[in-house]
Amino acid sequence: APRLIGREAAAAYVSVAPNTFDVMVREGRMPRPRLLTAGRKAWDVRLLDQAVDGLPLDGEDAGASNDGWDD
């Protein structure tokens with residue numbers, strides 16, 4: 001079952017400030033929230049986990065394809 005958390009908790013969960021989290025959502029690096037009511041949004045922790053898994057590791061080039069030593 002999904003576990004839903006609010007914006008500030010979601011930002012804390014991925015270790016960034018809420019405003020940084022908002023930017024990451026806008027850029028598509030973090031998932032968009034579920035709309036619970038007109039003014040209440042919440043994030044699915046499972047989707048946050050998947051998004052974090054997709055972030056580059058320190059030392060990796062975020063835009064590079066890791067397909068060998070060709071270049």
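Our subject in this report is the structure included herewith. Being a predicted model, the structure only gives us computed values, none of them experimental.

It is worth spelling out the overall build of the chain at this point. In terms of regular secondary structure, the chain is built from 3 helices and 3 strands. Order of helices (α) and strands (β) in the chain, N terminus to C terminus: β-α-α-β-β-α. Among the 71 residues that make up the chain, the fraction classed as buried is 23%. Contacts spanning at least 24 positions in sequence make up 42% of the contacts within the chain whose residues lie at least 6 apart. Of the roughly 5,500 Å² of accessible surface on the chain, a fraction of 49% belongs to carbon and sulfur atoms.

So, on to the nonpolar core. Counting residues in each nonpolar core, the largest one holds 12 residues, listed as Ile5, Ala10, Ala11, Val14, Phe21, Met24, Val25, Met30, Trp43, Val45, Leu48 and Ala51. Listed by contribution, the elements that provide at least two residues to this core are α1 (7-13), α2 (18-27) and α3 (45-54). Ignoring any residue separated from it by four or fewer positions in sequence, one finds Val14 in contact with Phe21, Met30, Leu48 and Val52.

Here the focus is α3. For α3, every residue scored as buried is listed here: Val45, Leu48 and Ala51. When α3 is viewed along its axis, its buried side chains cluster within an angular range of 115 degrees and face the same direction. Exposed and facing more than 90 degrees away from the buried side of α3 are Gln50, Asp53 and Gly54. Buried-residue contacts for α3 involve β1 (4-5), α1, α2 and β3 (40-44).

Moving on: the environment of Glu8. Residue position: Glu8 is located in helix α1. We classify Glu8 as exposed; its relative accessible area is 56%. Linking Glu8 and Asp22, residues 14 residues apart in sequence, is a C-alpha distance of 9.9 Å.

Here we take up the packing of aromatic side chains. Inspection of the entire model under this criterion finds 1 aromatic pair. Pairing Phe21 with Trp43 gives two aromatic rings, centres 5.2 Å apart and planes at 70 degrees, and the pair type is edge-to-face. Linking Phe21 in helix α2 with Trp43 in strand β3, this pair joins segments that are 22 residues apart in sequence. Here the two residues Phe21 and Trp43 agree in accessibility, since each one is buried.

The rules behind each value
- Residues numbered from 1 in each chain as written.
- Predicted model: local features only at pLDDT ≥ 70, side-chain atom pairs only at ≥ 80, totals over all residues.
- Heavy atoms only, no water.
- Helix = DSSP H or I, 4+ residues; strand = E, 2+ residues; numbered from the N terminus.
- Buried < 20%, exposed > 50% of the residue type's maximum accessible area, 1.4 Å probe, protein only.
- Contact = heavy atoms within 4.5 Å.
- Areas by Shrake-Rupley, 256 points an atom, 1.4 Å probe, with all protein chains shown as cover.
- Core = buried A, V, L, I, M, F, W, Y, C linked by side-chain atoms within 4.5 Å.
- Arc of directions from axis to C-beta.
- Phe/Tyr/Trp six-rings, centres within 6.5 Å; stacked < 30°, edge-to-face > 60°.

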